[in-house]
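# Architecture and fold: a report
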Protein chains: 2
Amino acid sequence: MTIFQQRQQALQREMIERGWSGFLVTNNVDIYYYCGSMQTGYLFIPAEGDALYLVRRSLVRAEEEASAAVEALGSLKTLGERLRARCAGGCGSAASPLRIATELDVLPVQLYLRLQAALPGAVWEDGSLLVREQRMIKSPDEVVAIREAARVVDAALEAVIPHIREGMAEFELMALIEHQLRLRGHQGLMRMRAYNSELITGMVAAGAAAAVPTYFDGPAGGTGLHPSSPQSSGRALIGRGEPILVDIGCTIDGYLIDQTRTLVIGDLDPELQRAYDVAEQVLRATEARLQPGVIAEHLYLLALDQVQEAGLSAHFMGYGADQVKFLGHGIGLEIDELPVLAKGFKYPLAPGMVIAIEPKFTFPGRGVVGIEDTYLITENGYEKLTISRDGILRV
Amino acid sequence: MTIFQQRQQALQREMIERGWSGFLVTNNVDIYYYCGSMQTGYLFIPAEGDALYLVRRSLVRAEEEASAAVEALGSLKTLGERLRARCAGGCGSAASPLRIATELDVLPVQLYLRLQAALPGAVWEDGSLLVREQRMIKSPDEVVAIREAARVVDAALEAVIPHIREGMAEFELMALIEHQLRLRGHQGLMRMRAYNSELITGMVAAGAAAAVPTYFDGPAGGTGLHPSSPQSSGRALIGRGEPILVDIGCTIDGYLIDQTRTLVIGDLDPELQRAYDVAEQVLRATEARLQPGVIAEHLYLLALDQVQEAGLSAHFMGYGADQVKFLGHGIGLEIDELPVLAKGFKYPLAPGMVIAIEPKFTFPGRGVVGIEDTYLITENGYEKLTISRDGILRV
């Protein structure tokens, strides 16, 4: 049995408990997660029995890749009949309507209406959270990919450091980083799940420009090149003595890593250096608590206390109205996975979770300093997946 | 009045005709189109009166950038009240419920349900097509950006050609191209609107690998680096005498260009050379018909006739079951805009449309050849926006 079939079975157990007939997986990333292929179509996982991958294109590639029976999608008119046929005895008879779950957090309304019309009488359930919670616990093969992504990010960072110089534009540094990542196998996409969310390799910005707030749901900002992509690197020139925030990731075999280091040409202002040191202290204190059973939000609340003691609350994770209210986030096929280290997230840490933790401090007009590493929660504690050296990296 | 306010007014005229109270623009690209800013939030354009941009973050940046009144988004509970207040007299009184349009082609169901709950009694309309049809006709400023993107793509292509060599991996060529694009101001994202659609700079693949079909809704394929991003460049090594398909774009000031050239190290097989020549002939014949009033689908049907006469129908725009059924597509802020040159698209060409036209032929096991240029429809005909030299480019 493949890891993909194991995931289908785990989903089936949850569906049986909920009385659902099946899950119509529509999102490309979820389809990949459950069957190992990302061709266009729908993956139907009945509560009992074998999965069916209805593919528009490419059928040939789906047949090669997928841990599921593959059929041509054909007309949506035949969908109801085919899903019913897939459901074992009890899960969709005339007496009991089909209860179909799907990912309402990402599925567009138009497509949902078409699916509803194709399955008259079906009851629809929101399966988003179930999928996101299952994906929260990584299997060993997923960790292997994330570990490799961590190696690639470190190698790319070390490769570009010797080329950073005063007067280089932020976007030139970003272009260098991306080139090094791509040469090492980065797939070129960094996937996010939330509506309207986009990520361009990460947040690479220096000095005042890094402290410009953005729409991006993260602590660092950047001007971007234009109001039509208002995040990360812009045209600002990197100056001596200002913090260069290199918050980057990459994707290997579908899986992301996320890492931040603060660089500087020359010496950092003592106040920013002190803030950086507090960021490292927050990270170390968080690490000391990374073990199964600890509640996700507690890590955020503890960090808030530490930051307050250091007198840096106004600068933590953004500044003023543009602060974000978290310390870290789950990461895997997407960068905005569960658990979030934030208020309201009551998940106890559990083995297999992979979490990026990113204490940062923003100083308007001066820059952003901080550090971010990505961790695997293990039976007894954690394994740090990112491998880059710590501390302010002097160029 | 800014171009963004002019766009709001054009939308208002359409809303008044339809009896809608206003448009709640939710999609980041559409928000940018109508107000010049892309911060997180909702842009409400009432049928009469001034637009209101409700922003989560960054408020500061929205205030600097947007051609609209800006307010903090706050709680969704206040949304109904605030939208009603924005509507002039008749468009949402107790007697007549608010009729709110939004983009149901991209809005996720979960968010739609939250918005419905926030505006009890409101009637929702699907405004997707209206927005897409308005965006189909470009204003002069949009054409300026697309023209600049065309210049950047050409410069990047010419910069990499001297570095292409036998035995180079596809992904190494792609990394070089992306680096050159980014150094010239490419924003690093290529936006698509359709659900699950993704684009990694374009389709750069050589020989047999280029003919491997993909899930991507386009004529060229590519293995990609992994089943989790199964398109475009993979690890195949570029060989002598095989077609190297360089279908690339970039984004400048939010706007995309799309261009394909076929390259070869040495000489191309005569059969593939002939197919390439037919692709150029199809493009020339299409150009000869590019003028206001011509129906979009006719250009596709005429191409089908030409291809059939040349005996290449089975190879046109993909092979066998993986053929796509179009000749070209609108392009602007996204790569999958209207009009599509395909059956069922009855739009008459009109000044301001920008269309990428991409006749290509796929030969399984051997490669893909073809050409793609992007055109602006003018009052009297067309302007070719892409500027790269034609013909098979010998390396």
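For every chain, the first residue of its written sequence is number 1, and the numbers climb from 1 along that sequence. Think of it this way: whatever chain is written first is A, whatever ligand is written first is 1, and the rest follow in order. With pLDDT at 70 or above as the cut-off, local features in this predicted model cover only qualifying residues; side-chain atom pairs require 80 or more to be listed or tallied, and sums for whole chains, interfaces and linings still use all residues. Where side-chain values are given, they derive from all heavy atoms of the structure, hydrogens and water being excluded.

Counting residues at the interface gives 65 residues for chain B, matched by 65 residues for chain A. When two parts are put together, the accessible area they lose, computed with a 1.4 Å probe and summed over both, is reported as buried area. Taken over both partners, the interface formed by chain B and chain A buries close to 5600 Å², and the fraction arising from carbon and sulfur atoms is 53%. Of all residues in chain B, Arg57(B), Arg182(B) and Tyr195(B) give up the largest surface area on contact with chain A, accounting jointly for 14% of the area buried on that side. A pair is scored as a salt bridge if a Lys or Arg side-chain nitrogen falls within 4 Å of a carboxyl oxygen belonging to Asp or Glu. At the junction of chain B with chain A, the criterion picks out 4 salt bridges. When the shortest N-O distance is used, the salt bridge between Arg191(A) and Glu198(B) registers 2.5 Å. N or O atoms within 3.5 Å of each other form a polar contact, as long as, within protein, one can give a hydrogen and the other can take it, and as long as residues adjacent in sequence are counted only when both atoms are side-chain atoms. Our enumeration of links across chain B and chain A arrives at 50 residue pairs in polar contact (both at pLDDT 80 or more). To qualify as a helix, a DSSP run of H or I must reach at least 4 residues; to qualify as a strand, a run of E must reach at least 2; elements of each kind are numbered from the N terminus. If you list the elements that add at least two residues to the side of chain B that touches chain A, you get α2 (28–35), α3 (59–65), α5 (109–118) and α8 (170–183) of chain B. The contact definition used throughout considers only heavy atoms, calling two residues in contact when any of these lie within 4.5 Å.

A few words now on the relation of the copies chain B and chain A. Superposing the copies works by least squares over the C-alpha atoms of residues that have pLDDT at least 70 in both of them. At an RMSD of 0.0 Å, chain B and chain A line up after a rotation of 180° and a shift of 0.0 Å along the axis. In short, the pair behaves as if placed about a two-fold rotation axis. No C-alpha of chain B lies nearer the rotation axis than that of Pro108(B), which sits 2.1 Å from it. Taken as a fraction of all interface residues of chain B, those also at the interface in chain A reach 100%, which identifies the copy contact as same-surface.

Okay, the pairing of strand β15 (residues 373–377) of chain A next. All names here are of chain A. The buried label applies to any residue whose accessible area, calculated with a 1.4 Å probe on protein chains only, is under 20% of its type's maximum; exposed applies above 50%, and partly exposed to all values in between. Counting buried positions over the 5 residues of β15 gives 5, a clear majority of the element. Side chains of β15 alternate between two faces, with Asp-373, Tyr-375 and Ile-377 and Thr-374 and Leu-376 buried alike. If DSSP finds at least two bridges between two strands, the strands pair. Taken together, the 4 bridges between strand β12 (residues 354–357) and β15 define a ladder with antiparallel strand orientation. If you follow Ile-357 over to β15, its bridge partner there is Asp-373. One ladder, built from 3 bridges, connects β15 with strand β16 (residues 382–384); its direction is antiparallel. Its bridge partner lying in β16, Tyr-375 is registered against Lys-384.

Take the sheet that holds strand β4 (residues 69–72) of chain A next. The strands making up a sheet are joined through hydrogen bonds of the backbone, oriented either antiparallel or parallel. Residue and element names in this part refer to chain A. A sheet is described by the order of its strands in space; here 6 strands give the open sequence β4-β3-β2-β1-β5-β6, paired in mixed fashion. Looking at which strands have only one partner, the edges of the open sheet turn out to be β4 and β6 (123–126). This sheet shows a mean twist of 25° between the axes of neighbouring strands, independent of strand direction. Helix α1 (residues 3–18) rests against β1 (22–25) and β2 (40–46) of the sheet, and its axis sits at about 55° to β2. Helix axes are fitted to C-alpha atoms over the stretch in contact, other axes to C-alpha atoms as well, and angles between N-to-C directions run from 0 to 180 degrees.

On to the packing of α1(A) against helix α2 (residues 28–35) of chain A, then. All names here are of chain A. Their axes nearest at 6 Å, the elements α1 and α2 cross at an angle of 105°. As summarised for this structure, α1 and α2 are arranged roughly perpendicular, according to the angle between their axes. Here Phe-4, Arg-7, Gln-8 and Leu-11 of α1 lie close against α2, whose contacting residues are Tyr-32, Tyr-33, Tyr-34 and Cys-35. Polar here means any residue other than Ala, Val, Leu, Ile, Met, Phe, Trp, Tyr, Cys and Pro, which are nonpolar, and Asp, Glu, Lys and Arg, which are charged; Gly is therefore polar. Looking at the contact of α1 with α2 residue by residue, the classes come out as 6 nonpolar, 1 polar and 1 charged. These descriptions rest on fixed angle ranges, namely under 35 degrees for roughly parallel, over 145 for roughly antiparallel, 65 to 115 for roughly perpendicular, and the rest for oblique.

Interface size, as often reported, equals the accessible area lost upon joining of the parts. Residues and elements named next belong to chain A. The domain boundaries here were taken from an automatic or database domain assignment. Here chain A is partitioned into domain 1 (3–134) and domain 2 (137–394). Distance between the C-alpha centres of domain 1 and domain 2: 35 Å. Each partner contributes to the interface: domain 1 provides 15 residues, whereas domain 2 provides 14 residues. In total, domain 1 and domain 2 occlude about 1200 Å² of area from one another, counting both sides; carbon and sulfur atoms represent 49% of this. Counting across the interface, domain 1 meets domain 2 through 7 residue pairs in polar contact (both at pLDDT 80 or more). For the side of domain 1 that touches domain 2, the elements supplying multiple residues, two or more each, are α1, α2 and α6 (128–136). Its residues placed into classes, the side of domain 1 that touches domain 2 shows 7 nonpolar, 2 polar and 6 charged.

On to the sheet that holds strand β7 (residues 202–206) of chain B. Pairing in this open sheet of 4 strands is mixed, and the strands run β7-β8-β9-β17 (chain B) from one edge to the other. Looking along the sheet, the strands with just one partner apiece sit at the ends: β7 and β17 (393–394) of chain B.

Right, let's get into the packing of helix α10 (residues 270–288) of chain A against helix α11 (residues 296–309) of chain A. Residue and element names in this part refer to chain A. The contact between α10 and α11 brings their axes to 10 Å, and the two run at 145°. Of the two elements, α10 crosses α11, and the hand of that crossing is right-handed. In this structure, α10 contributes Gln-281, Val-282, Ala-285 and Thr-286 to the contact, and α11 contributes Leu-299, Ala-303, Gln-306 and Val-307. Classifying every residue of the contact of α10 with α11 gives 5 nonpolar, 3 polar and no charged. Should the near helix be turned anticlockwise from the far one by less than a right angle, the crossing is left-handed, and should it be turned clockwise, the crossing is right-handed.

With that settled, consider the pairing of β4(A). Where strand β3 (residues 52–57) of chain A meets β4(A), 4 bridges bridge the pair, whose relative direction is parallel. Bridging from a neighbouring strand, Val55(A) pairs with Ala72(A) of β4(A).

Here we come to the nonpolar core. Counting residues in hydrophobic clusters, the biggest one holds 75 residues, and the most contacted among them are Leu43(B), Tyr53(B), Leu173(B) and Ile244(B). With 10 residues, helix α7 (residues 140–160) of chain B is the single largest residue contributor to this core. Mapped onto the domain boundaries, this core takes at least three residues apiece from domain 1 (3–135) and domain 2 (137–394) of chain B. Apart from residues lying up to four places away in sequence, Leu43(B) is in contact with Phe23(B), Leu24(B), Val25(B), Ile31(B), Tyr34(B), Cys35(B), Ala51(B), Leu52(B), Tyr53(B) and Ala68(B). For this analysis, a nonpolar core means a set of buried residues of the types Ala, Val, Leu, Ile, Met, Phe, Trp, Tyr and Cys, connected via side-chain atoms within 4.5 Å. If you look at the next biggest cluster of nonpolar residues, it comprises 74 residues, including Ala145(A), Val152(A), Val204(A) and Phe216(A).

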